[in-house]
Amino acid sequence: MNLKWGVLGAGSVAQRRAMPAIQKAEGAELHALLSRDATRAKQLASDFGAAAAYTHVDALLADDALDAIYVSTPVYLHCEQVIAAAERGLHVLCDKPMALTSQECRQMIAACDANGVHLQVCFLFRFHSCFQQIRAWVDEGRFGQIVHGRMPFLKQYRLTDDEWRARPEKGGGGCFMDLGAHSVDLLRYLIGEVEAVSAFCNSAIHNYAVEETGGILMRFTNGAQAFTDLSFSVAQCDIVLELYGTEGTVWVDNDDGWKMRTHFNGETARIASQYEDLYQHQFEHFAACVHRGTAPIASGDDGLRTNEILAAAYRSAETGQVVQCAS
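Once a new chain begins, its residue numbering starts again from 1 and follows that chain's sequence as written. The model is predicted, so local features are restricted to residues of pLDDT at least 70 and side-chain atom pairs to those at 80 or more, both for listing and for counting; the totals for chains, interfaces and linings are taken over all residues. Excluding hydrogens and water, the side-chain figures rest on all heavy atoms present in the structure.

I tried to follow the side chain of Thr 228 on my own but got confused; where do I start?
Helix and strand labels come from DSSP, where a helix needs a run of H or I of at least four residues and a strand needs a run of E of at least two; each type is numbered from the N terminus. Residue position: Thr 228 is located in strand β11 (residues 225-231). Thr 228 gets classed as buried once you look at its relative accessible area, which sits at 0%. For this analysis, residues touch if any pair of their heavy atoms sits within 4.5 Å. Sequence-distant contacts of Thr 228, that is, excluding residues within four places in its chain, are made with Met 151, Ser 183, Val 184, Leu 187, Gly 214, Gly 215, Ile 216 and Met 218. Categorising residues by exposure relies on relative accessible area from a 1.4 Å probe, with only protein chains included: less than 20% of the type maximum marks a residue as buried, more than 50% marks it as exposed, and the intermediate range marks it as partly exposed.

Quick question: what am I supposed to make of helix α11 (residues 300-319) here?
Two residues of an α-helix separated by three or four positions point the same way, owing to the 3.6 residues in each turn. An ideal rise of 1.5 Å per residue puts 28 Å on 20 residues; α11 measures up with 29 Å between its terminal C-alpha atoms. For this analysis, a polar contact is any N or O atom pair within 3.5 Å, provided that within protein one partner can donate a hydrogen and the other can accept it, and provided that sequence-adjacent residues contribute only side-chain to side-chain pairs. Residue Ser 299 occupies the N-cap position of α11, its side-chain oxygen lying 3.3 Å from the main-chain nitrogen of Asp 301. Note on α11: the residue one or two positions beyond its end, Gly 320, has a positive phi of about 75°. Helix span is expected to be 1.5 Å times the residue number reduced by one.

Can you walk me through the pattern of salt bridges in this structure?
One side chain can pair with another of opposite charge once the charged atoms of both are near each other. For this document, the term salt bridge refers to a Lys or Arg side-chain nitrogen within 4 Å of an Asp or Glu carboxyl oxygen. Applying the stated criterion across every chain yields a total of 16 salt bridges. Among the salt bridges present, the one from Asp 178 reaches Arg 165, with a minimum N-O distance of 3.2 Å. Residue Asp 178 is found in helix α8 (residues 175-178), and its partner Arg 165 is found in the loop between β8 (153-154) and α7 (168-171); the two are separated by 13 residues along the sequence. The class of Asp 178 is buried, set by a relative accessible area of 16%.

How should I be thinking about the sheet that holds strand β5 (residues 91-94) in this particular structure?
When DSSP locates at least two bridges between a pair of strands, those strands are taken to pair. Judged by pairing direction, the sheet is parallel, and its six strands sit side by side in the order β3-β2-β1-β4-β5-β6 without closing on themselves. Edge positions in the open sheet fall to β3 (52-54) and β6 (119-121), since each of these has one partner strand only. The sheet shows a mean angle of 25° between the axes of neighbouring strands, direction not considered. Pairing analysis gives six bridges linking strand β1 (residues 3-8) to strand β2 (residues 28-34), with the strands arranged parallel. For helices, the fitted line uses only the C-alpha atoms of the stretch in contact; every axis is such a line through C-alpha atoms, and the angle between N-to-C directions lies from 0 to 180 degrees.

Would you mind going over the environment of Ile 191 with me for this structure?
Looking at the secondary structure, you find Ile 191 in helix α9 (residues 180-191). Judged by relative accessible area, Ile 191 falls into the buried class, the value being 7%. For the pair Ile 191 and Ala 224, spaced 33 residues apart in the sequence, the C-alpha separation amounts to 7.5 Å. Beyond its immediate chain neighbours, meaning those up to four positions away, Ile 191 contacts Ile 146, Gly 149, Phe 220, Asn 222, Ala 224, Ala 226 and Leu 243.

Before we go on, may I ask you to explain the packing of helix α1 (residues 12-24) against helix α10 (residues 278-292) in this structure?
In helix packing, the relevant descriptors are the interaxial angle and the interaxial distance, both defined with respect to the helix axes. Direction vectors running N to C along α1 and α10 enclose 50°, while the axes themselves pass 8 Å from each other. Compared by their axis directions, α1 and α10 come out oblique. Considering only the axes of α1 and α10, their crossing is right-handed. In this structure, α1 contributes Val 13, Arg 17, Ala 18, Ala 21, Ile 22 and Lys 24 to the contact, and α10 contributes Leu 278, Tyr 279, Gln 280, Phe 283 and Glu 284. Considered class by class, the residues forming the contact of α1 with α10 number seven nonpolar, one polar and three charged. Each angle gets one of four labels, with under 35 degrees taken as roughly parallel, over 145 as roughly antiparallel, 65 to 115 as roughly perpendicular, and the rest as oblique. Working rule for handedness: look at the near helix, and if it is turned counterclockwise from the far one by less than a right angle, call the crossing left-handed; if clockwise, right-handed. Throughout this entry, Asp, Glu, Lys and Arg are counted as charged residues, while Ala, Val, Leu, Ile, Met, Phe, Trp, Tyr, Cys and Pro are counted as nonpolar. The remaining residues, Gly among them, count as polar.

Whenever I open this one, unusual backbone geometry confuses me. Can you help?
The phi angle of most residues is negative, glycine excepted, and most peptide bonds adopt the trans form. Geometrically, the link from Lys 96 to Pro 97 is a cis peptide bond, its omega value of -15° lying close to zero. Mapping Pro 97 onto the fold places it in the loop between β5 and α5 (102-114). Its identity as a non-glycine residue notwithstanding, Asn 207 has a phi of 55°, on the positive side. Looking at the element boundaries, Asn 207 is found in the loop between β9 (194-202) and β10 (213-220). With phi around 55°, Asn 265 is a residue other than glycine that occupies positive phi space. With respect to the secondary-structure elements, Asn 265 resides in the loop between β14 (259-264) and β15 (267-272). Residue Asn 265 is classed as exposed on the basis of its relative accessible area, which comes to 71%.

Which parts of the structure should I look at to understand the packing of aromatic side chains?
Aromatic rings in a pair are described by how distant their centres are and how their planes are angled relative to each other. Here a Phe, Tyr or Trp ring, Trp counted by its six-membered ring, pairs with any other such ring whose centre lies within 6.5 Å, and the pair is stacked when the planes are under 30 degrees apart, edge-to-face when over 60, and tilted otherwise. Within the structure shown, the criterion is met by twelve aromatic pairs. Between Trp 137 and Phe 264 the ring centres are 5.3 Å apart and the planes differ by 75°, which places this aromatic pair in the edge-to-face class. Of this pair, Trp 137 sits in helix α6 (residues 129-140) while Phe 264 sits in strand β14, and the two are 127 residues apart along the sequence. Overall, Trp 137 belongs to the buried group, its relative accessible area being 10%. On the basis of an interplanar angle of 50° and a centroid distance of 5.3 Å, the ring pair of Phe 176 and Tyr 314 is categorised as tilted. Residue Phe 176 is found in helix α8, and its partner Tyr 314 is found in helix α11; the two are separated by 138 residues along the sequence. Among the aromatic side chains, those forming a connected cluster through ring pairs are Trp 5, Tyr 70, Phe 283 and Phe 286. Two thresholds decide whether a charge sits over a ring: the Lys NZ or Arg CZ must be within 6 Å of the ring centre and within 35 degrees of the ring normal. Sitting over the ring of Tyr 189, Arg 135 keeps its end group 4.6 Å from the ring centre. Taking the ring centre of Trp 251 as reference, the NZ or CZ of Arg 261 above it sits at 4.0 Å.

In structure tokens:
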């Protein structure tokens, strides 16, 4: 049986990625969407085959045909909207970062638990086959002891003064929150739990009210360390991930398609990857979690933990001190 989805926030990402993925995904059906402009909402519903279009959150959540909500709105709205969806008995997929604060994350998790609905966070990198394979190699011990990881997430993205990402009270921060949510989560997924961070950041190029460039160094409970370099102001970066262990190494890059290079047992191999619709993987996995009780690849607890690590990174950047991560 298909889950009937409502998309709360049918903006550019939802239009380019999420709604086409729902159309393709097994176990998913796009039933309704929300856009504040009525004409645009109706046009989007027509374009994507949705049965209903809404301009108000309450009206969307009151649609009795819905099973699940994809929350694709600015970060400052996530907590209120996820709780409202949970109280209507709707399963929830929430975009990253999960919320502005760790406390909001806890409130969202509690609301979903209290109402018996499934909650996942949109950490897309976890769903790529190359990272699933790397995680399996880690679990098998092929890397030996993990020593160091690195995930640069550097891109060219010019913020405008009026957008929510440029306002810390609406986005929670800049490149740390927007890009770092992905890289911190993936490094944690592959390496283990983070116990402390040291970070620095600035907005030296554009003088934004939020950080545009920075780095987060993480120390893990298993003795490993990892670094994520983050920026909105870099022309190009093809490196996706580096993971180094005492017995093996892997490099992932996105130079003309995703490629993985490995070094195990003294031998180097190159593995090319086909295009993968990570949103489609995510929606199909969500259906399996709801219908078959499959354990979620990216849970609400994972969203909370990432928020806690990012909060520690901001404290470190402000104080110049190593900061322990709450658990």
